[in-house]
Amino acid sequence: MMRLPPFRYLAPVSVTDAVKLMADHGPEAMLVAGGTDLYPNMKRRQFEPSVLVGLRGVRDLAGVRPAASGGLAIGAGTTLTAVSRHAQVRGRYDALATAAGVVSTPQLRNMGTLGGNVCVDTRCNYYNQTEFWRASIGYCMKKDGEICLVAPGSSRCWAVSSSDTAPVLWSLGASVRLAGPGGERTIPISALYRDDGIQYLANHTDDTVTEILLPPADGLRSVYLKLRRRGSFDFPVLGVAAAVRMDGETVREARIVLGAVASLPREAGAASALLVGQRLTPELIERAAEAAYRPAKPLDNTDFGHPYRKKMTRVFVARALRRLAGLPEVVEA
Ligand SMILES: Cc1cc2nc3c(=O)[nH]c(=O)nc-3n(C[C@H](O)[C@H](O)[C@H](O)COP(=O)(O)OP(=O)(O)OC[C@H]3O[C@@H](n4cnc5c(N)ncnc54)[C@H](O)[C@@H]3O)c2cc1C
Ligand code: SF4
């Protein structure tokens, strides 16, 4: 049995206190929300904080509220189950309800939070292993080692962004509200991430995500498709989030974002641009899927072979767009 290392658990009841505790304890401390990712990682000694600042007692962090913009504000501490079942999320931001509802298992969705999902650690076959396993191959640079075992000549880590909701929130144009020692600020969710498997979050480590803000739906259609081996609880090895705003039959705005193909969600900008001002015909969908597939460069560090995952990017983008267009999803691989 793997055991947790020793740590102190601090239980603030307000965001202000959480921010202060994080600042007081510096790099020794980490935030924990549902703990569904962090605790297993601590058992594998991927993280060894001496202090955990628990967010479960911060009531202000939970719940879904109307936002001043006309959209929705979702507290970072809202569970994935609550997000997936919320009537307004389901009705207006269907892809988010879908993504939250396919994370892991029902038990973990009851504990796991949207904020934790947005900030979840990147993954790699050489890293998501026991301490004993990692020691046997001399570790890697993400924790305790010197080199990258996937790309030994590389000076960076290529661990994969594996959040289901992050690409969806990016495609929906969401923002995140952060609270830190310098006060509060709101940034686009795209600015939360860095293309680095170790420092994958751009915010300072003692920033707390307090809210996820969704813009008004305003004619939005959205979809999320997830590729994984076991439909019951695996992480995504490919996620395709697509969102369009329509003027009648014409696409007014489009955003396609890929998950699990890089160390951050990867926007397929060229593919999205092809759709704007056009009708979603089968021919256009094929061209957009081709454009999304070309820049996708999955590495050989998750489940399934990377050539297959790259090929499935085209298939899944086409399926997602066909669903948005109300067309049958059957597309030849
Ligand atoms: C068997 C298994 C299967 C899983 N499958 C999936 C899957 O299919 N898809 C998927 O996306 N995830 C999956 N997960 C990972 C995890 O369960 C989810 O990502 C979950 O949403 C994490 O939320 P949490 O509240 O439990 O986060 P925690 O484990 O508490 O924290 C995760 C990280 O986020 C940070 N954090 C938490 N809250 C905040 C905040 N408010 N502000 C700043 N930082 C914060 C923590 O410091 C930590 O680094 C799986 C985990 C397991 C064990
Ligand atoms: S990509 Fe390389 S450095 Fe990063 S976790 Fe995998 S093996 Fe380690």
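Residues numbered from 1 in each chain as written. Chains lettered and ligands numbered in written order. Predicted model: local features only at pLDDT ≥ 70, side-chain atom pairs only at ≥ 80, totals over all residues. Heavy atoms only, no water.

### Digging into the site of ligand 1
Reasoning step 1: Of all residues adjacent to ligand 1, which total 33 residues, the nearest are L31, T36, T113, N117 and D164.
Reasoning step 2: One of the backbone N or O atoms of G35 is found 2.8 Å from an oxygen atom in ligand 1.
Reasoning step 3: A distance of 2.6 Å separates an oxygen atom of ligand 1 from a polar side-chain atom of T36.
Reasoning step 4: Protein contacts shield 91% of the accessible area of ligand 1, which totals 970 Å² for the unbound molecule.
Reasoning step 5: For the shell around ligand 1, the secondary-structure elements that each account for two or more residues are β2 (29–32), α7 (114–118) and β8 (208–214).
Reasoning step 6: Class assignment of the residues belonging to the shell around ligand 1 gives a composition of 16 nonpolar, 12 polar and 5 charged. (Near = heavy atom within 4 Å. Polar contact = N/O pair within 3.5 Å; in protein donor to acceptor, adjacent residues only side chain to side chain. Areas by Shrake-Rupley, 256 points an atom, 1.4 Å probe, with all protein chains shown as cover. Helix = DSSP H or I, 4+ residues; strand = E, 2+ residues; numbered from the N terminus. Nonpolar A, V, L, I, M, F, W, Y, C, P; charged D, E, K, R; others polar.)

### Re the side chain of R245
Reasoning step 1: For R245, the position within the fold is in strand β10 (residues 238–247).
Reasoning step 2: A residue is classified by how much of its surface remains accessible, and R245, at 10% relative accessible area, is buried.
Reasoning step 3: Among the polar contacts made by the side chain of R245, one reaches the main-chain carbonyl oxygen of A217 at a distance of 3.0 Å.
Reasoning step 4: At 3.3 Å, the side chain of R245 and the backbone oxygen of D218 are in polar contact.
Reasoning step 5: Apart from residues lying up to four places away in sequence, R245 is in contact with P215, P216, A217, D218, G219, L220, T250, V251, R252 and E253. (Buried < 20%, exposed > 50% of the residue type's maximum accessible area, 1.4 Å probe, protein only. Contact = heavy atoms within 4.5 Å.)

### Structural notes on the sheet that holds β8
Reasoning step 1: Within the open sheet, the 5 strands sit side by side as β4-β5-β8-β6-β7. Their pairing is antiparallel. Only two strands of the sheet have a single partner each, and these edge strands are β4 (64–66) and β7 (183–188). Averaged over all pairs of adjacent strands, the angle between their axes in this sheet comes to 25°, without regard to strand direction.
Reasoning step 2: As paired elements, strand β6 (residues 175–180) and β8 share 5 bridges and run antiparallel to each other. (Pairing = 2+ DSSP bridges. Axes fitted to C-alpha atoms, helices over the stretch in contact; angles between N-to-C directions.)

### Some words on the environment of T130
Reasoning step 1: In this structure, T130 sits in the loop between α7 and α8 (131–136).
Reasoning step 2: When residues no more than four places from it in sequence are discounted, the contact partners of T130 are M2 and R44.
Reasoning step 3: A polar atom in the side chain of T130 sits 3.0 Å from the backbone nitrogen of W133.

### A look at the environment of A270
Reasoning step 1: Locating A270 in the fold gives a position in helix α10 (residues 269–275).
Reasoning step 2: Since its relative accessible area comes to 53%, A270 is described here as exposed.
Reasoning step 3: A270 sits 89 residues away from P181 along the chain, and the two C-alpha atoms are 38 Å apart.

### As for the sheet that holds strand β3 (residues 51–54)
Whenever strands of a sheet pair, they do so through backbone hydrogen bonds, lying parallel or antiparallel.
Reasoning step 1: On the basis of which strands lie adjacent, the open sheet formed by 3 strands has the order β1-β3-β2 and parallel pairing. Bordering the open sheet on either side are β1 (8–10) and β2, each of which pairs with just one other strand. Between one strand and the next, the sheet's axes are offset by a mean angle of 30°, whatever the strand orientation.
Reasoning step 2: Bridging between β1 and β3 involves 3 bridges; their strand directions are parallel. Residue pairing in the sheet places Y9 in a bridge with L52 of β3.

### Some points on the environment of V89
Reasoning step 1: In this fold, V89 is placed in helix α4 (residues 87–92).
Reasoning step 2: Assessed through its relative accessible area of 0%, V89 is described here as buried.
Reasoning step 3: In the structure, V89 is positioned 17 residues away from L72 in sequence and 8.2 Å away in space, judged by C-alpha atoms.
Reasoning step 4: Beyond its immediate chain neighbours, meaning those up to four positions away, V89 contacts V64, L72, I74, V83, D94, L96 and A97.

### Examining the packing of helix α11 (residues 282–293) against helix α12 (residues 306–325)
Reasoning step 1: Between α11 and α12, whose axes approach to 8 Å, the crossing angle comes to 145°. Here α11 and α12 pass one another in a crossing that is right-handed. Here P282, I285, E286, A288, A289, E290, A292 and Y293 of α11 lie close against α12, whose contacting residues are K310, K311, T313, R314, V317, A318, L321, R322 and A325.
Reasoning step 2: Taken together, the residues of the contact of α11 with α12 break down into 10 nonpolar, 1 polar and 6 charged. (Left-handed = near helix turned anticlockwise from the far one by under 90°.)

### Considering a nonpolar patch on the surface
Reasoning step 1: On the surface, Y126, W133 and I137 cluster together into a nonpolar patch covering about 240 Å² of accessible area.
Reasoning step 2: Examined against the element boundaries, Y126 turns out to sit in the loop between α7 and α8. (Patch = residues over 30% accessible without salt bridge, like charges linked within 9 Å, V, L, I, M, F, W, Y side chains within 5 Å. Salt bridge = Lys/Arg side-chain N within 4 Å of Asp/Glu carboxyl O.)

Scope: geometric values only; no functional claims are made or implied.
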